[in-house]
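Each chain is listed here by its residues.
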Amino acid sequence: MTGLDSATTPAAAAARGAKTARDAPARPRATLALTSAATAVALMTYTAPMVTLPGTAAALHTPLSGQAWLLNGTPLGLAALLLVAGSLADDYGRRRIFLGGTLVLGLTTALGAFTTSTWQFTLARIAQGAASAAILASSLGLLVAAFPSPRGRLHATGVWGAFVSGGIAAGPLVAGALPSWRVAYGVLGAAAVVLAALGTRALTESRAPRGGRPDILGALTFGLALVALVAALTLGRDGWLRAPVGLLFAAAIALIAVFAAVEHRTRTPMIDLGLLRHARFLASSAGGLFTGLAVIGLFSFLPALLQQTLRLSPMDTAWLLLLWSGLSFAVALQVKHLAGRIAPRVQLAVGFTLHTIAVLTMLGAVGSGSWTRLLPGLIIGGVGSGLLNGALPLLAVESVPRERAAMGSGAQQTFRYIGSCAGVALTIALATSAHTLAQGANIALLVSAGLAAVGAVSVVVSREG
């Protein structure tokens, strides 16, 4: 011995300090406020192009066939990296992944304001999606750690789900109110950087270590599969039976098969495929997938359709869309009171059913020349969307073991944004492939209604054996 007790050495003291910092109790209110605010900014960044798409496409000289990429960049980044972000958050620290994602979101969003071509803007949007994946996947993990009781978790996930709707609602308003889409991106980027700075002091670390390395091969094969799928759907508007479209679909299927094989073999997979045997996880995944396909896919392109057919300004379109998204926010904030009386899967089924009804009431509205024809559908659809956004987060964390909450959140949201990528590309393909935009819009509405009906059935029939 050197005469100094090992417990009093600087290294030991530092280790104790680090352990104390890691084990410090979570600050529930601060955690809820920051994760909800960052999630809202991420969703605002995601939805801002809904009302600025015509102006952005004109500024970047983007042809109609390429506009799906302007909308799909962020959901593509989200879908490709949500699973790996959830695993990294559980293994290496949810606070660390959250803060890194929030900072990168701020920087890449600000950079998006300076892009001058379609491919530059799309790359910036993909980077924003990747950063948003880190935020969304780690947020629920942080909340589960900060609110360990079922009652607290119910409250926290309900508020967080409401801010998902709030971000969707605020994005088009902010983008429409500011002088240009470039200014809007600068403002949203600055907001994300500020939240990252606040989070360094307010958040405490939590993790569920499993050991092992990040599943890079799984992330790569999964991301390439999504790119192939979105490219096939985007090119399909010029002919679904063409060879390039078929080859891209085949590549997507083959890459998904490779991904499944990789996940079976790796010691620390992005997603435990064994969870697909559990009804709650299946219902959570189906709920996310059909929300993206039916709801997000339609409402991402509907504002651009309204501007082109009804000659609405970006700000007028944003206010009209607020009727849907604002109701969604209000309903999502209140659905926590339904817990214990209505199961999350039933809430999802009701939400999908209301979306089906809403979309059917909107048939013919785009070609009617009057925005008032949309009002009943926007109201009914807003209530349905609120039920979906309120039930999905709770089902996500209940469908996996508590220590894998970030992975459960990432898995559900991955399916959500896979659906969104496919839904946006499909909606644009359908809406622009008919003789007129009004006819194409009706086809897209019918397909959205059908997908929502399938979603309602899929979440109800999944029962534990």
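Values in this document were obtained by computation on a predicted structure and should not be read as measured data.

Rules used in this analysis
- Residues numbered from 1 in each chain as written.
- Predicted model: local features only at pLDDT ≥ 70, side-chain atom pairs only at ≥ 80, totals over all residues.
- Heavy atoms only, no water.
- Helix = DSSP H or I, 4+ residues; strand = E, 2+ residues; numbered from the N terminus.
- Buried < 20%, exposed > 50% of the residue type's maximum accessible area, 1.4 Å probe, protein only.
- Contact = heavy atoms within 4.5 Å.
- Areas by Shrake-Rupley, 256 points an atom, 1.4 Å probe, with all protein chains shown as cover.
- Expected span 1.5 Å × (residues − 1).
- Bend = angle between axes of the 7 residues up to and from the residue.
- Phe/Tyr/Trp six-rings, centres within 6.5 Å; stacked < 30°, edge-to-face > 60°.
- pLDDT = per-residue confidence, 0-100.
- Polar contact = N/O pair within 3.5 Å; in protein donor to acceptor, adjacent residues only side chain to side chain.
- Axes fitted to C-alpha atoms, helices over the stretch in contact; angles between N-to-C directions.
- Parallel < 35°, antiparallel > 145°, perpendicular 65-115°, else oblique.
- Left-handed = near helix turned anticlockwise from the far one by under 90°.
- Nonpolar A, V, L, I, M, F, W, Y, C, P; charged D, E, K, R; others polar.
- Core = buried A, V, L, I, M, F, W, Y, C linked by side-chain atoms within 4.5 Å.

## A short note on the overall build of the protein
Of the regular secondary structure elements, the protein holds 16 helices and zero strands. Looking at the protein as a whole, 56% of its 465 residues are labelled buried. Long-range pairs, those at least 24 residues apart, make up 85% of the contacts in the protein with a sequence separation of at least 6. On the protein, roughly 18,100 Å² of surface is accessible, and the fraction owed to carbon and sulfur atoms is 69%.

## Side note on helix α12 (residues 314-334)
Helix length check: α12 (21 residues) gives 30 Å between terminal C-alpha atoms against 30 Å at 1.5 Å per residue, within 8%. Residue Leu-322 marks the point of greatest curvature in α12, where the axis turns by about 40°. In this structure, the buried side of α12 is in contact with α3 (49-60), α7 (150-177), α11 (279-309) and α14 (375-398).

## Remarks on the packing of aromatic side chains
Enumeration over the complete set of coordinates arrives at seven aromatic pairs. Judged by centre distance (5.7 Å) and plane angle (80°), the rings of Tyr-46 and Tyr-417 are edge-to-face. Of this pair, Tyr-46 sits in helix α2 (residues 28-47) while Tyr-417 sits in helix α15 (residues 405-433), placing them 371 residues apart in sequence. You can call Tyr-417 buried: its relative accessible area is 2%. Plain terms: the ring middles of Phe-163 and Phe-329 are 6.1 Å apart, the flat faces sit at 90° to each other, and that makes the pair edge-to-face. Linking Phe-163 in helix α7 with Phe-329 in helix α12, this pair joins segments that are 166 residues apart in sequence. Site record: aromatic cluster; members linked through ring pairs are Phe-121, Trp-181 and Tyr-185.

## Observations concerning the side chain of Thr-221
Of note, Thr-221 is situated in helix α9 (residues 216-235). Assessed through its relative accessible area of 7%, Thr-221 is described here as buried. Ignoring anything within four residues of it in the chain, the contact list for Thr-221 reads Leu-255, Val-258 and Phe-259.

## Focus: the confidence of the model for the protein
Put simply, the protein has an average pLDDT of 83, and 89% of its residues get 70 or more. Averaged over each element, pLDDT in the protein is lowest for helix α1 (residues 10-23) (38) and highest for helix α5 (residues 94-112) (94).

## Remarks on the side chain of Thr-74
Mapped onto the elements, Thr-74 comes out in helix α4 (residues 67-92). On the basis of relative accessible area, Thr-74 is assigned to the buried category, the value being 1%. Among the polar contacts made by the side chain of Thr-74, one reaches the main-chain carbonyl oxygen of Arg-125 at a distance of 3.2 Å. Leave out the neighbours within four places in its chain, and Thr-74 touches Tyr-46, Arg-125, Ile-126, Gln-128 and Gly-129.

## Observations regarding the environment of Ile-256
Note that Ile-256 resides in helix α10 (residues 243-265). The class of Ile-256 is partly exposed, set by a relative accessible area of 38%. Residues Ile-256 and Leu-226, spaced 30 residues apart in sequence, show a C-alpha to C-alpha distance of 8.8 Å. Look past the residues within four positions of Ile-256 in its chain and what remains in contact with it is Phe-222 and Ala-225.

## Overview of the packing of α2 against helix α8 (residues 181-202)
For the pair α2 and α8, the least separation of the axes is 10 Å and the interaxial angle reads 160°. Judged by the inter-axis angle, α2 sits roughly antiparallel to α8. Both α2 and α8 take part in a crossing whose hand is left-handed. When α2 is examined against α8, the residues Ala-30, Leu-34, Ala-37, Ala-38, Val-41, Met-44 and Thr-45 are found in contact with a partner set consisting of Tyr-185, Leu-188, Ala-191, Ala-192, Leu-195, Leu-198, Gly-199 and Ala-202.

## Quick look at unusual backbone geometry
One non-glycine residue, His-61, lies in positive phi territory at about 55°. The backbone of Arg-311 shows a phi angle near 60°, a positive value even though the residue is not glycine. Relative to the elements of secondary structure, Arg-311 occurs in the loop between α11 and α12.

## Things to note about α2
Across its 20 residues, α2 extends 28 Å between first and last C-alpha, which sits within 8% of the 28 Å expected from 1.5 Å per residue. Where burial is concerned, most of α2 is hidden: 15 out of the 20 residues are buried.

## Quick notes on the environment of Arg-311
For Arg-311, a relative accessible area of 68% puts it in the exposed group. In terms of polar contacts, Arg-311 uses its side chain to reach the backbone carbonyl oxygen of Gln-308, at 3.0 Å.

## A word on the packing of α3 against α8
How two helices sit against one another is set out by the angle between their axes and by the gap between those axes. In contact at an axis separation of 10 Å, α3 and α8 are set at 125° when each is read in the N-to-C sense. Taken together, α3 and α8 sit at an angle that is classed as oblique. In this structure, α3 contributes Pro-49, Thr-52, Gly-55, Thr-56, Ala-59 and Leu-60 to the contact, and α8 contributes Trp-181, Arg-182 and Tyr-185. Considered class by class, the residues forming the contact of α3 with α8 number five nonpolar, three polar and one charged.

## Details of the nonpolar core
In terms of nonpolar packing, the biggest core is built from 96 residues, with Phe-299, Phe-301, Leu-306, Leu-348, Phe-352, Leu-374 and Tyr-417 touching the most fellow members. The greatest single-element share of this core, amounting to 15 residues, is contributed by α11. With near-sequence residues (within four places) excluded, Tyr-417 lies in contact with Leu-43, Tyr-46, Pro-75, Leu-78, Ala-79, Leu-82 and Leu-136. Listed in part, the 14 residues of the second largest apolar core include Ala-131, Leu-142, Leu-195 and Ala-202.

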